[in-house]
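Single-letter residue listing:
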Amino acid sequence: MARMATTRRVMISTAAAWLFGFLIFFPILWMGLASFKTELEAFAIPPSFLFFHWTTENYATVQERSDYLHHAMNSIIIAGGSTLIALLIAIPAAWSMAFSPTKRTKDILLWMLSTKMMPPVGVLVPIYLIYKSLGLLDSRIGLVFILCLGNLPIVIWMLFTYFKEIPRDILEAARMDGATIGRELVYVLTPMAIPGLASTLLLNLILAWNEAFWTLNLSTSSAAPLTTFIASYSSPEGLFWAKLSAASTLAIAPILVLGWFSQKQLVRGLTFGAVK
Amino acid sequence: MATRQTQLLARSLLTPAVGLLFIWMIVPLALTIYFSTLHYSLLDPGSESFVGLENFRYFLTDPAFLASLQNTLVLVGSVLALTILLGVPLALLMDQPVIGRNFVRLMVIAPFFVMPTVSALVWKNLLMHPVSGLFAWLASLFGLTPIDWFNDVPLLAVILIVTWQWLPFATLILLTALQSLDEEQKEAAEMDGASAVSTFIYITLPHLARPITVVILIETIFLLTVFAEIFVTTGGGPGLQTTNIAFLIYSQALIQFDVGSASAGGLVAVVIANIVAFFLVRIVGRNLEA
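What you are looking at is a predicted structure, and each value in this text was computed from that prediction instead of being measured.

A90(A), A94(A), L152(A), I156(A), L159(A), I230(A) and I249(B) are the most contacted members of the largest nonpolar core, which has 172 residues in total. It is helix 7 (residues 140-164) of chain A that provides the largest number of residues to this core, a total of 17 residues. Not counting residues up to four positions away in its chain, the partners in contact with I249(B) are V121(A), L124(A), A262(B), G265(B), G266(B) and A269(B).

What follows is the structure, encoded as structure tokens:
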């Protein structure tokens with residue numbers, strides 16, 4: 001009897017979970033389908049769900065008409081560059097705070113966190129003017145720099161919480177054996193820190209890839225990453241739903257895959273360790 | 001000697017990060033404060049003059065400010081309420097024994113990884129278009145009049161899009177918290193004859209209080225500066241109906257080129273965000289000691 005009830009409960013909760021999961025995912029699926037339709041079919045009422053004339057023409061058109069690869073490359077350079085530079089600055093800082101904490105470490109960490117809470121729009125004007133006078137508007141370097149600073153607090157925090165979990169005994173043993181700090185870093189710490197480093201890298205790639213305040217405000221064409229490029233489809237003249245969908249699908253596909261791998265770290269990275 | 005060396009090294013490793021963040025925080029903020037006291041229009045360069053608090057008076061008494069403050073509050077409040085009210089049951093559901101739970105998790109978390117410009121445009125066109133959108137078609141199936149989302153209820157449309165983006169975040173955090181809830185405690189309660197409802201009220205809900213607080217605070221920080229979704233769908237309109245504080249400051253700075261007033265607005269945004277940040281930093285700080 002009890003067993004029956006349990007099976008039934010599993011069936012019900014499974015059906016409900018799949019239903020809601022599907023509903024939440026549906027807009028992405030719908031976009032993916034539209035990207036394989038012709039413009040007419042994408043716009044047609046009643047809509048066709050699966051039985052339409054499948055075509056990959058939109059993907060070719062998006063590249064031909066608007067040099068999609070150029071913007072994708074911008075996204076890769078801006079997201080990748082800002083994440084790598086942030087890691088280079090953050091690794092030593094997080095290492096130092098995790099392994100040689102002082103009584104001020106906690107204050108420094110909280111202060112770093114507080115810089116992340118400054119709304120970007122509060123400093124839009126000076127950044128825009130500084131960039132204008134330095135000729136950094138619509139430049140990849142300018143965006144790399146600003147996204148790197150914007151994500152630096154999160155990178156440091158994530159690395160700090162990961163480094164904290166590395167057992168200290170091992171480090172002390174290495175020190176006893178006469179390992180220098182350099183060797184300690186390369187041979188002991190790095191291998192143990194790689195999982196943490198990888199998830200920090202992943203989460204920040206995602207955040208930088210999707211960042212849409214600075215990229216929209218500071219880039220227009222030559223440095224425009226995919227966020228800005230997709231925004232250009234918002235112009236009212238002519239509705240190109242199939243092409244919009246193709247460009248969007250390409251823009252989110254790689255990050256969706258990365259995101260699915262990093263979903264566990266997401267909680268940790270975005271709550272600053274407040275929820276584990 | 002060695003420890004002293006280590007300490008010195010530790011400090012020098014920390015310096016670049018602290019220095020950069022310090023500059024990043026201080027320089028633009030100082031400039032914002034400085035600009036906010038000037039009459040400064042990019043359309044009329046060379047005419048900068050000190051006007052004291054005039055820009056603040058102008059910004060704060062501008063009817064657009066009150067409208068955008070109200071829109072900001074409605075937007076943040078509604079999205080918070082919706083993501084929590086939908087997120088708690090969804091997390092509870094996903095915490096049940098579900099066949100293929102990992103796959104369901106993937107579907108639920110996916111919207112969070114979609115860039116804001118994409119989600120906004122896909123919702124605006126493919127789903128919410130008053131004639132050819134999927135919602136319009138669904139409405140007509142049921143014999144209802146399709147809603148012209150971005151003309152009749154523009155703010156609600158933006159709220160729905162932003163809720164879709166943030167529901168996964170709330171759900172994932174609440175689910176993580178639920179999974180750390182002690183099963184034995186729940187079983188003990190059930191053995192003692194507690195109903196499912198009272199188990200939820202007296203055990204699950206108190207356990208969720210903290211993660212809910214964290215979700216509220218973190219979402220608030222991001223929701224206060226929602227920008228891209230408004231930028232690509234409504235451009236703040238019609239009228240001021242979807243202009244929030246972030247968008248108002250943007251339009252004063254980069255559309256009307258009024259640097260002084262936009263800077264004053266920027267500082268107002270900083271103050272609002274700081275009030276939220278104050279509470280979040282306290283919660284995180286308490287956790288750091290534990």
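Listed as interface residues are 85 residues of chain A and, on the opposing side, 84 residues of chain B. The biggest single contributor to the side of chain A that touches chain B is helix 1 (residues 2-34) of chain A, with 16 residues. Looking at the side of chain A that touches chain B residue by residue, the class counts come to 66 nonpolar, 17 polar and two charged.

What follows deals with the packing of helix 8 (residues 154-179) of chain B against helix 10 (residues 196-223) of chain B. Residues and elements named next belong to chain B. The contact between helix 8 and helix 10 brings their axes to 10 Å, and the two run at 150°. The orientation of helix 8 with respect to helix 10, classified from their angle, is roughly antiparallel. Considering the relative orientation of helix 8 and helix 10, their crossing is right-handed. Of the residues in helix 10, those touching helix 8 at V162, W166, A170, I173, L174 and A177 are H207, L208, P211, V214, V215, E219 and L223. Partitioned by chemical class, the residues of the contact of helix 8 with helix 10 number eleven nonpolar, one polar and one charged.

Contact pair helix 12 (residues 241-261) of chain A / helix 5 (residues 116-127) of chain B: the axes reach a minimum separation of 11 Å and the direction vectors enclose 155°. The orientation of helix 12 of chain A relative to helix 5 of chain B falls into the category roughly antiparallel. Viewed along their axes, helix 12 of chain A and helix 5 of chain B form a crossing whose handedness is left-handed. Mapping the contact onto sequence places W241(A), L244(A), S248(A), A251(A) and I252(A) in helix 12 of chain A and V118(B), L121(B), V122(B), N125(B) and L126(B) in helix 5 of chain B. Residue composition of the contact of helix 12 of chain A with helix 5 of chain B, grouped by class: eight nonpolar, two polar and no charged.

Definitions and cut-offs
Residues numbered from 1 in each chain as written. Chains lettered and ligands numbered in written order. Predicted model: local features only at pLDDT ≥ 70, side-chain atom pairs only at ≥ 80, totals over all residues. Core = buried A, V, L, I, M, F, W, Y, C linked by C-beta atoms within 7 Å. Buried ≥ 20, exposed ≤ 12 C-beta atoms within 10 Å, placed from the backbone. Helix = DSSP H or I, 4+ residues; strand = E, 2+ residues; numbered from the N terminus. Contact = placed C-beta atoms within 7 Å. Nonpolar A, V, L, I, M, F, W, Y, C, P; charged D, E, K, R; others polar. Axes fitted to C-alpha atoms, helices over the stretch in contact; angles between N-to-C directions. Parallel < 35°, antiparallel > 145°, perpendicular 65-115°, else oblique. Left-handed = near helix turned anticlockwise from the far one by under 90°.

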